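Chain by chain, the residues run as shown.
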Amino acid sequence: MEGTNPVNKKLAAALSGGAVLVLALSGCGGDDSSEKLNSWAKEVCDAVQPQAKKIEAANAAIQKETSDNSTPEAVQKTDAQAFQDMSDAYKAIGAAVTKAGAPDVENGEKKQQDAVKELNSISSSYASLKTQVDKLDTKDQAKFANGLKDIATELDKLSKSGSDALKTLEEGDVGKAMAKQQSCKGASAPASATTS
């Protein structure tokens, strides 16, 4: 069987959207935020960086598996592990934002709470995708492909909803403070977040 299963391609494309989400946490230049805000940004960025790497690695694993004409069993195993990792990573980012407290900006508390709620909900969504993948019938190629198609659709929605929550958190001074952090800068160059 030559060529990649188009469903796998779709899955890989949808997935890389999810990576973009965390990397949105790396804002862009600017420099006039308070000391308090800077230390908040440093705490969040330092916690986010290893999680962003974990999400990137999970994405890369799925991309690799989907481009290798792998067996349904191999795809299932890799995807399930990747979704578990992503679920853990988003949960950890949510916990980090909770621990850091509200950023020192107008409506900081609401922004923080909304972002945490969104991050936790993304974490649950990835956990339920893992369950979905685990249940797929690997003996029946057509059924398996259909199941993957549904998962790709879910993923697509997931990557859109997540970036909105973080956008709100990062508006204005928060984004500027985060952009100055070395650890956030480091997280902003995903190798696997671009798909053709």
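Placed above this text is the structure.
> Tell me about the overall build of the chain, residues and numbers included.
A count of helical and extended segments in the chain gives seven helices and zero strands. Reading the chain from its N terminus to its C terminus gives the helix and strand order α-α-α-α-α-α-α. Evaluated residue by residue, the chain yields a buried proportion of 47% over its 196 residues. The long-range fraction of contacts in the chain, counting pairs at least 24 apart against all pairs at least 6 apart in sequence, stands at 87%. Of the roughly 9500 Å² that the chain leaves accessible, carbon and sulfur atoms contribute 51%.

> Any chance you could break down the packing of helix α3 (residues 72-100) against helix α4 (residues 108-135) for me, citing the residues and the numbers?
Close contact between α3 and α4 brings their axes to 8 Å; oriented N to C, the two are set at 165°. It follows that α3 is roughly antiparallel to α4 by the angle criterion. For α3 against α4, the interelement crossing comes out left-handed. For the contact of α3 with α4, a count of residues per class yields 13 nonpolar, eight polar and five charged.

> Run through the pattern of salt bridges, naming residues and quoting values.
Applying the stated criterion across every chain yields a total of seven salt bridges. The shortest N-O distance in the salt bridge between D137 and K143 comes to 4.0 Å. Classification of D137 by relative accessible area gives partly exposed; the value is 29%. According to the relative accessible area criterion, K143 is exposed, its value standing at 53%.

> Go over α3, please, and point to the residues and values.
One turn of the α-helix equals 3.6 residues, which is why residues spaced by three or four share an orientation. Look at α3: 42 Å from first C-alpha to last across 29 residues, which is about the 42 Å you get at 1.5 Å a residue. Within two residues after α3, G101 carries a phi angle of roughly 80°, on the positive side.

> How would you summarise α4 if you had to cite specific residues and measurements?
For α4, with 28 residues, the first-to-last C-alpha span of 41 Å sits near the 40 Å given by 1.5 Å per residue. Regarding α4, the residues found buried are G108, K111, Q112, A115, V116, L119, I122, S123, Y126, L129 and V133.

> Could you give an account of the nonpolar core, with specific residues and numbers?
Counting 39 residues, the largest nonpolar core has W40, F83, Y126 and M178 as its most contacted members. Listing elements by their share of this core, those giving two or more residues are α2 (35-67), α3, α4, α5 (141-169) and α6 (173-179).

> Tell me about unusual backbone geometry, and name the residues and values.
Trans peptide bonds make up most of the peptide bonds, and negative phi angles are found at most residues other than glycine. Positive phi is not limited to glycine here, since N107 has a value of about 60°. Relative to the assigned elements, N107 resides in the loop between α3 and α4. Looking at N107, the relative accessible area reads 52%, which means it is exposed.

> Report on the environment of A52, specifying residues and quantitative values.
Its location among the elements puts A52 in helix α2. Residue classification places A52 among the buried positions, given a relative accessible area of 3%. Considering only alpha carbons, one finds A52 and A89, 37 residues apart in sequence, at a separation of 7.5 Å.

> Let's hear about the packing of aromatic side chains: which residues, and what values?
Ring pairs (aromatic) are described by centroid distance and by the angle formed between their planes. Here the structure, examined in full by the defined rule, presents two aromatic pairs. Taking the centre distance of 5.6 Å and the plane angle of 5° together, the rings of Y90 and Y126 count as stacked. Separated by 36 residues along the polypeptide, Y90 in helix α3 and Y126 in helix α4 bring together distant segments of the chain. Judged by relative accessible area, which is 1%, Y126 ranks as buried. By the ring-pair criterion, three or more aromatic residues cluster together here, those being F83, Y90 and Y126.

Basis of the calculations
- For every chain, the first residue of the written sequence is number 1, and numbering continues from 1 onward in sequence order.
- The model is predicted, so local features are restricted to residues of pLDDT at least 70 and side-chain atom pairs to those at 80 or more, both for listing and for counting; the totals for chains, interfaces and linings are taken over all residues.
- Only hydrogens and water are set aside; all other atoms, that is, all heavy atoms of the structure, feed into the side-chain values.
- In DSSP terms, a helix is any run of H or I states spanning at least four residues, a strand is any run of E spanning at least two, and both are numbered starting from the N terminus.
- Burial here depends on accessible area, computed with a 1.4 Å probe over protein chains only, as a share of the maximum for the residue type. Under 20% is buried, over 50% is exposed, and the range in between is partly exposed.
- Contacts are assigned to residue pairs with any non-hydrogen atoms lying within 4.5 Å of each other.
- Here the open area of atoms and residues is found with the Shrake-Rupley method and a 1.4 Å probe, where only the protein chains shown may cover a residue.
- Here an axis means a line fitted to C-alpha atoms, over the contact stretch when the element is a helix, while the angle between two N-to-C directions is reported on a 0 to 180 degree scale.
- Here the word oblique covers every angle except those under 35 degrees (roughly parallel), over 145 (roughly antiparallel) and from 65 to 115 (roughly perpendicular).
- Crossings are sorted by hand: turned counterclockwise from the far helix by less than a right angle, the near helix makes the crossing left-handed, and turned clockwise it makes it right-handed.
- Residue polarity is assigned by list, with Asp, Glu, Lys and Arg as charged and Ala, Val, Leu, Ile, Met, Phe, Trp, Tyr, Cys and Pro as nonpolar; anything else, Gly included, falls into the polar class.
- When a carboxyl oxygen of Asp or Glu lies within 4 Å of a side-chain nitrogen of Lys or Arg, that pair is called a salt bridge.
- Expected helix span is computed as 1.5 Å times (number of residues minus one).
- What makes a nonpolar core is a set of buried Ala, Val, Leu, Ile, Met, Phe, Trp, Tyr and Cys residues whose side-chain atoms join them at distances within 4.5 Å.
- Each aromatic pair joins two rings of Phe, Tyr and Trp (for Trp, the six-membered one) with centres within 6.5 Å, and gets the label stacked for planes under 30 degrees apart, edge-to-face for over 60, and tilted for any other angle.

Nothing here speaks to function; it is all geometry.
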